[in-house]
Amino acid sequence: MENYKEHPNYQELNIDSLFQNAWEIYKRNFGWFFFYSFLVVLLLQYFNSLFMVPYIEDINSIAEDPEKAVSLLKNTSLIVLVTIIGYTLLYLFLTYLLLNPDPEPGETHFSLLGKAIKTHFLPLLGATILSGIIMIFGTVLGLFLLIIGAFAAIVYFGTIFFPIVPLLVIENTNPIDAILRCFRLVHSDLWKIIGWVVVFFIMYLVISLVLGALTMIPFASDFFEIVSNPTSTFESGNFMNNPLQVILSSLVNALILPLMPIFAMLIYLSLKYKEDKENERNEILKQMV
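What counts, and where the lines are drawn
- Residues numbered from 1 in each chain as written.
- Predicted model: local features only at pLDDT ≥ 70, side-chain atom pairs only at ≥ 80, totals over all residues.
- Heavy atoms only, no water.
- Phe/Tyr/Trp six-rings, centres within 6.5 Å; stacked < 30°, edge-to-face > 60°.
- Buried < 20%, exposed > 50% of the residue type's maximum accessible area, 1.4 Å probe, protein only.
- Helix = DSSP H or I, 4+ residues; strand = E, 2+ residues; numbered from the N terminus.
- Salt bridge = Lys/Arg side-chain N within 4 Å of Asp/Glu carboxyl O.
- Core = buried A, V, L, I, M, F, W, Y, C linked by side-chain atoms within 4.5 Å.
- Contact = heavy atoms within 4.5 Å.
- Expected span 1.5 Å × (residues − 1).
- 1 Å grid on protein atoms, 1.4 Å probe; cavity = no way out; pocket = protein on both sides within 12 Å on 5 of 7 lines; lining within 4 Å.
- Points joined across faces, edges and corners; volume = space filled by probe spheres on them.
- Patch = residues over 30% accessible without salt bridge, like charges linked within 9 Å, V, L, I, M, F, W, Y side chains within 5 Å.
- Areas by Shrake-Rupley, 256 points an atom, 1.4 Å probe, with all protein chains shown as cover.
- Polar contact = N/O pair within 3.5 Å; in protein donor to acceptor, adjacent residues only side chain to side chain.

J.: Help me understand the packing of aromatic side chains in this model?
T.: Centre-to-centre distance and the angle between the planes together describe a pair of aromatic rings. Applying the stated criterion to the full structure yields 22 aromatic pairs. For the ring pair Tyr 156 and Phe 157, a centre distance of 5.0 Å and an interplane angle of 70 degrees mean the geometry is edge-to-face. When its relative accessible area of 24% is taken as the criterion, Tyr 156 is described as partly exposed. Relative accessible area serves as the criterion here: at 14%, Phe 157 is assigned to the buried category. With a centroid separation of 5.7 Å and 50 degrees between ring planes, the pair formed by Phe 200 and Tyr 204 is classed as tilted. Remark: Tyr 204 and Phe 200 occur in helix H8 (residues 190-215); sequence separation between them is four residues, near one turn of the helix. Chaining the aromatic ring pairs together yields one cluster made of Phe 19, Phe 162, Phe 200, Phe 201, Tyr 204 and Phe 263.

What follows is the structure, given as structure tokens:
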């Protein structure tokens, strides 16, 4: 979208309109968003399952063979890197679709994906990694204030970086400037945004736990086997490689993952609307003086 002010969700929101608009957007885009989310999550889970057995073997043998630490570090780094790239690409694509609800004639989702990757993927990947490092560092520092400090750091930085994807896409900035902008923009209405983000993540967690529990029903016997003999089950890695379990887990994730970019976009546009109106008022006051 060339002008974000023309977006239908460029408006000031309260918590009721936030959730109402999010639900309308979710219903309107459910089909494609579910499909893209399921495809990416399924591929990531399949990739991770391929490395899970050698990963577990490295953990079990590291005490006898310390050189396995190198292999363990490589596998861990590869899994983390692929996961970050996969989810960053997914969130970027879904956000780009949300910010372009009325594409130009002839534009397809595939062409929009190519445009999003070409223009924004590398800066967003850099911003994602940097914000993750900042959050980890802040959480570690928070541990010095015990659990409460770590929890406060997670809530604070999670709120600050929540709208980073739509911010980077609309403002077309570099990773460092995007992170600094997140601090300035969210701090313009910090406590309200913290409340919104906390409510959203509580809702997200409850839904994921309920749906996750439902997907575990077909594997109740496996669950009790894990509880009764966790060591042998963990060592085998079979509980991570069941195709049906991978598919069901991917379906659950695909149902709720689109909520993340939807809420992030709505919060960013609401903050941007408030910021623009304040700038306009300040400009008018300057002209009057």
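There is more to say after this.
J.: What is the right way to read the pattern of salt bridges from this model?
T.: Close approach of charged atoms lets side chains of opposite charge pair. Tallied over the entire structure, the rule returns nine salt bridges. Note that Glu 107 and Lys 115 form a salt bridge whose closest N and O atoms lie 2.6 Å from each other. On the basis of relative accessibility, which here comes to 24%, the residue Glu 107 falls in the partly exposed class. For Glu 171, the salt bridge is made with Arg 181, and the minimal N-O distance between the two is 2.8 Å. Residue Glu 171 is located in helix H6 (residues 164-171), and its partner Arg 181 is located in helix H7 (residues 175-187); the two are separated by ten residues in the primary sequence.

J.: How should I be thinking about the nonpolar core in this particular structure?
T.: Soluble globular proteins: nonpolar side chains tend toward being buried together. Ranked by internal contacts, the top residues of the largest apolar core, which has 60 residues, are Phe 162, Ile 164, Leu 266 and Ile 267. Other than its neighbours up to four places away in sequence, Leu 266 contacts Asn 9, Leu 13, Leu 18, Asn 21, Ala 22 and Ile 25.

J.: Even after reading the chapter, I still don't get unusual backbone geometry, so can you show me in this structure?
T.: Glycine aside, a negative phi is what most residues show, and trans is what most peptide bonds show. One non-glycine residue, Asn 172, adopts positive backbone phi at about 50 degrees. Within the secondary structure, Asn 172 sits in the loop between H6 and H7.

J.: I would appreciate a short explanation of H8 in the present structure.
T.: The periodicity of an α-helix, 3.6 residues per turn, causes residues three or four places apart in sequence to face the same way. Under the 1.5 Å per step criterion, the end-to-end length of H8 is 37 Å for 26 residues, consistent within 8% with the ideal 38 Å. Considered for burial, the residues of H8 that qualify are Leu 190, Ile 193, Ile 194, Trp 196, Val 197, Phe 200, Tyr 204 and Thr 215.

J.: I tried to follow the layout of surface pockets on my own but got confused; where do I start?
T.: A water-sized probe rolled over the atoms picks out the places where empty space is left. As a volume, the largest pocket reaches approximately 1000 Å³. If you trace the largest pocket, you find 30 residues lining it, with Met 135, Gly 158, Phe 161, Phe 201 and Met 260 closest to the centre. Looking at the lining of the largest pocket, the elements that each hand over two or more residues are helix H3 (68-99), helix H4 (109-142), helix H5 (146-160), H6, H8 and helix H13 (259-288). Of all the elements, H4 adds the most residues to the lining of the largest pocket, at eight residues.

J.: Is there a simple way to think about a nonpolar patch on the surface in this case?
T.: A surface patch of nonpolar side chains, amounting to about 530 Å² of accessible area, comprises Val 198, Ile 202, Val 206, Val 210, Leu 214 and Ile 217. Looking at the element boundaries, Ile 202 is found in helix H8.

J.: I'm lost on the environment of His 187 in this one. Help?
T.: Its location among the elements puts His 187 in helix H7. Since its relative accessible area comes to 40%, His 187 is described here as partly exposed. When the C-alpha atoms of His 187 and Leu 271 are compared, they prove to be 9.8 Å apart, with 84 residues separating the residues in sequence. The contact partners of His 187, leaving out residues within four places of it in the chain, are Tyr 156, Ile 160 and Cys 182. At a separation of 2.7 Å, a polar atom in the side chain of His 187 contacts the side chain of Tyr 156.

So far we have only geometry, and geometry alone does not tell us how the molecule works.
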